[in-house]
Amino acid sequence: MSRLNEANVELAQEIIARYPRRKSALIPLLHVAQEQNGYVTTAAMEHLAELVGITPAEVLGTASFYEMFKFEPQGKYMVNICTNISCQLLGGEELLHHAEKTLGIRPGGTTDDGLFTLEDVECMAACTEAPCLQVNYRHEYRLDHDDFDTLISELRSGSRPDIPDHGTLGLVRQHIPDGRMAGIDSPEKTGSPEWFTARSSN
Amino acid sequence: MATNTYVPHAAGYVDNEGVKIVSSRFQYEDSYTLERSLSTGGYEGMKKTLRMQPAEVAAVVKDAVLLGRGGAGFPAGVKWGFMPPVWPRYLVVNGDESEPGTYKDRLLMERDPHQLIEGCIIACFALGLNTCFLYVRGEMPVAQERIAEALNDAYAAGLVGKNIDGTDVSIDIVLHWGAGAYIVGEETALIESLEGNRGMPRLKPPFFPAAKGLYMKPTIVNNVETLANLPWIITNGAANFKEYGSEKSPGTRLLAISGHVKRPGVYEVEQGRVSFRELFYGHNFCGGIKDDNDLKMFIPGGGSAPWFFEEQLDLLLEAGDVGPAGSMLGSGAIVVMDHTTDAVKACLRVVRFFARESCGKCTPCREGTSWEEKILQRILDGHGRPEDIDLLLEVGANISPSPYPVAAAPESGLEAVPFPPKQTTICPLGPSSVAPITSAIRRFRPEFEAKIAAVSPVGAGA
Ligand SMILES: Cc1cc2nc3c(=O)[nH]c(=O)nc-3n(C[C@H](O)[C@H](O)[C@H](O)COP(=O)(O)O)c2cc1C
Ligand code: SF4
Ligand code: FES
């Protein structure tokens, strides 16, 4: 059930074709798995192992290194609050404490209704907009505690259609039309591109 | 162009007075579209490139003295020259931006992806290669979708891919996205990650990417902002580029100035011409310290940089001056802290970052950073011991043999120790954790002592 579905297998094949070695596609494919199920299931990792030609243990070995991959169900909305230095200076930690109180959970926890998971995270490249947070990795800037409460009630009432469920990242994917690809160089190939050789020999 | 307008759709970006080399389109709401790019000179540099010889293009970049904008500040043209005549070879774009305080590559990717794509093609052409991987940080879905859309449009318009702009030149750019790990920003870790592995750095030597990089083939890793400069440089020429900035550091930098200032924001600033004082107090920049408070300290180049103080305010934004003064400009991230800031708390927060992000490959970093965090935490919690201050310095010295780079402290007659630090580790992450510790203890030792003196008798913590 939690292997990749048919559409995602097709997507996985398209992604794999953009790399000279299949294993290079592993992190993007883990994201596809996480998008499908909201987290990375064991069955999905076994499926990915087949797709890229490595062992399931190797898939887990890679996946477990990266913070974004979760191995158990998460809230529909992952609320990540930055407490790193620029945000700390302008109330990031207080915002986190407010969130803990409001949601009734600690960092790493999920609300009983399965709507929210809270995390205390590192710099999210929005330091001039402190204090800031991400909901499913979409930024919200310069929030005071009221802004936070408003955001939470908007999410509860479903009035933030711009924020997709946890697991979904970019809503647009790269797609190279047939016949438009130059041809990815495999490491086994030798010799420089023809255009380069032609232009460099005079 | 208005003076000092905060640009809402490019949150954080301040459109101030001055030359715009990489942020010229940020003022437009549709800056990320192909239409806007093409109507404002987009892809002109690439088209010019395609009419040149690859070596000529490389020579222009070398002549422009384009210093890498990812942190180390190494000239791109010189780095390109390190590639041995071996094929295949790859270009990997570093869009993993996650150094504390750094916010500029995300803006460049979200607001002007076509400029970056054009820069990639120019670099690939000069390097004689046809496969480029553009690695975007995992936690940046908007950057990922903007780049995906831009690539799709550019492929469809014949600006990327097979037979670019009707020529015989064919180059692919593949969007890749990560999954959350600061260390992956280090170039050899980025390559490991792109190979589908845990993002742990490789030992340099022998694994200098230019010689042994992706799939052990010659690979150039360049930062997003570095490449975003190329269209302008090729279109306008190296001589015009050198009209801006200083002789040693031509051109501009996109600086994120955050923390306790009145107008925090991302500013495009000419290198070598503006002092930190002007950046913090000048009307064209941040307009003063928040609430007119006093400055206590500032980080001039991201979480990894040793701290500066009042005495360094008149230094220019010049890598060649900041290094000998004991720190670095790093990733263009300036964090300003006023007199209300608790030095121990700020120090702990930056150290905690490195402890969390250590990849664990080498012992001094893995063990050392978590000790540093533990000791600082107990001092802050009121369980510090008198010997803890020296213990912190000792743990630091195991990761980075002293003397560690610091700013001068004229009042105490102490001189600056120049950047960079020494390291007992595989990569510079471990040594970076020592920066806030030595900076804070050297300057604010009494604050540490006061917290320790106020120790609560219950339990001595860890
Ligand atoms: C721990 C660590 C993290 C780094 N993170 C980044 C990063 O997020 N983005 C980046 O461009 N460079 C980062 N760097 C620097 C890269 O290793 C590399 O020097 C840079 O990408 C080269 O590009 P440039 O020459 O164009 O500056 C990091 C280095 C270290 C040691
Ligand atoms: S210094 Fe730290 S982050 Fe760098 S390789 Fe060693 S353990 Fe990993
Ligand atoms: S420190 Fe919070 S976004 Fe950078």
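Residues numbered from 1 in each chain as written. Chains lettered and ligands numbered in written order. Predicted model: local features only at pLDDT ≥ 70, side-chain atom pairs only at ≥ 80, totals over all residues.

A short note on the overall build of chain A
- The helix and strand tally for chain A stands at 8 helices and 4 strands.
- Written out in order from the N terminus, the α and β elements of chain A read α-α-α-α-β-α-α-β-β-β-α-α.
- The C-alpha radius of gyration computed for chain A amounts to 21 Å, which surpasses the reference 17 Å derived for 202 residues by more than 25%, pointing to a less compact arrangement than a globule.
- Considered along the principal axes of its C-alpha atoms, chain A spans approximately 65 × 50 × 30 Å.
- Taking all 202 residues of chain A together, 42% fall into the buried category.
- Taking as baseline every contact in chain A between residues at least 6 positions apart, the subset at least 24 positions apart corresponds to 62%. (Helix = DSSP H or I, 4+ residues; strand = E, 2+ residues; numbered from the N terminus. Rg over C-alpha atoms; globule rule 2.2 N^0.38 Å. Buried ≥ 20, exposed ≤ 12 C-beta atoms within 10 Å, placed from the backbone. Contact = placed C-beta atoms within 7 Å.)

Structural notes on the site of ligand 1
Residue and element names in this part refer to chain B.
- Residues in contact with ligand 1 amount to 23 residues; listed here are only the nearest, G68, G70, G185, N223 and T226.
- Looking at the shell around ligand 1, the element that brings in the most residues is strand β6 (residues 219–223), giving 3 residues.
- Of the residues that constitute the shell around ligand 1, the class distribution is 8 nonpolar, 9 polar and 6 charged.
- Formed jointly, the shell around ligand 1 draws a minimum of three residues from each of two domains, domain 1 (21–241) and domain 3 (343–453). (Near = placed C-beta within 6 Å. Nonpolar A, V, L, I, M, F, W, Y, C, P; charged D, E, K, R; others polar. Domains from an automatic or database assignment.)

Some points on helix α2 (residues 26–37) of chain A
- When the terminal C-alpha atoms of α2 of chain A are compared, their 17 Å separation across 12 residues agrees well with the 16 Å that a helix rising 1.5 Å per residue should span.
- The buried fraction of α2 of chain A is high, at 10 of 12 residues.
- All buried positions along α2 of chain A are accounted for by L26, I27, P28, L29, L30, H31, V32, A33, Q34 and Q36 of chain A.
- On the buried face of α2 of chain A, the contacting elements are α1 (6–16), α3 (42–52) and α4 (56–63) of chain A together with β5 (172–177) and α8 (187–194) of chain B. (Expected span 1.5 Å × (residues − 1).)

Observations concerning the interface of chain B and chain A
- If you look at the interface, chain B gives 72 residues, while chain A gives 59 residues.
- Broken down by secondary-structure element, the contributors of at least two residues to the side of chain B that touches chain A are α3 (54–63), α7 (141–156), β5, α8, β7 (252–259), β8 (265–270), β10 (333–338) and α14 (343–357) of chain B.
- In terms of residues, the side of chain B that touches chain A owes the most to one element, α7 of chain B, which gives 10 residues.
- Within the side of chain B that touches chain A, the residues separate by chemical class into 33 nonpolar, 26 polar and 13 charged.

Remarks on the domain arrangement of chain A
- Segmentation of chain A into domains returns domain 1 (6–63) and domain 2 (77–156).
- Look at where the C-alpha atoms of domain 1 of chain A and domain 2 of chain A centre, and you get two points 30 Å apart.

Examining the sheet that holds strand β4 (residues 138–140) of chain A
All names here are of chain A.
- In space, the 4 strands of this open sheet follow the order β2-β1-β3-β4, with mixed pairing throughout. The open sheet has two free edges, formed respectively by β2 (116–121) and β4, since each of these has just one partner strand. In this sheet, adjacent strand axes meet at a mean angle of 25 degrees when their direction is disregarded.
- On the sheet, helix α6 (residues 92–103) packs against β1 (77–82) and β2 and is oriented at approximately 150 degrees with respect to β1. (Pairing = 2+ DSSP bridges. Axes fitted to C-alpha atoms, helices over the stretch in contact; angles between N-to-C directions.)

What to know about the nonpolar core
- In terms of nonpolar packing, the biggest core is built from 183 residues, with V61, L91, V92, C120, L134 and F298 of chain B touching the most fellow members.
- Those residues in contact with V61 of chain B, other than ones at most four positions away along the chain, are L66, A76, G77, W80, A126, L230 and I233 of chain B.
- Grouped together as the second largest cluster of nonpolar side chains are 22 residues, A12, V32, A63 and F69 of chain A included. (Core = buried A, V, L, I, M, F, W, Y, C linked by C-beta atoms within 7 Å.)

As for the sheet that holds β7 of chain B
All names here are of chain B.
- What the 4 strands build is an open sheet, ordered β8-β7-β10-β9; its pairing is mixed. The strands lining the two open edges of the sheet, one partner per strand, are β8 and β9 (295–299). Strand-to-strand twist across the sheet, computed as the mean angle between neighbouring axes with direction ignored, equals 25 degrees.
- Sheet topology note: the β7/β10 ladder contains 4 bridges and is parallel. Bridge pairing in β10 links I257 to I334.

Regarding unusual backbone geometry
- Omega for the peptide link from A130 of chain A to P131 of chain A comes to -10 degrees, which places this bond in the cis form.
- Its place among the elements puts P131 of chain A in the loop between β2 and β3 (133–135).
- Look at the link from F419 of chain B to P420 of chain B: it is a cis peptide, with omega at 0 degrees.
- Summarising the element assignment, P420 of chain B is placed in the loop between α16 (388–399) and α17 (429–432).

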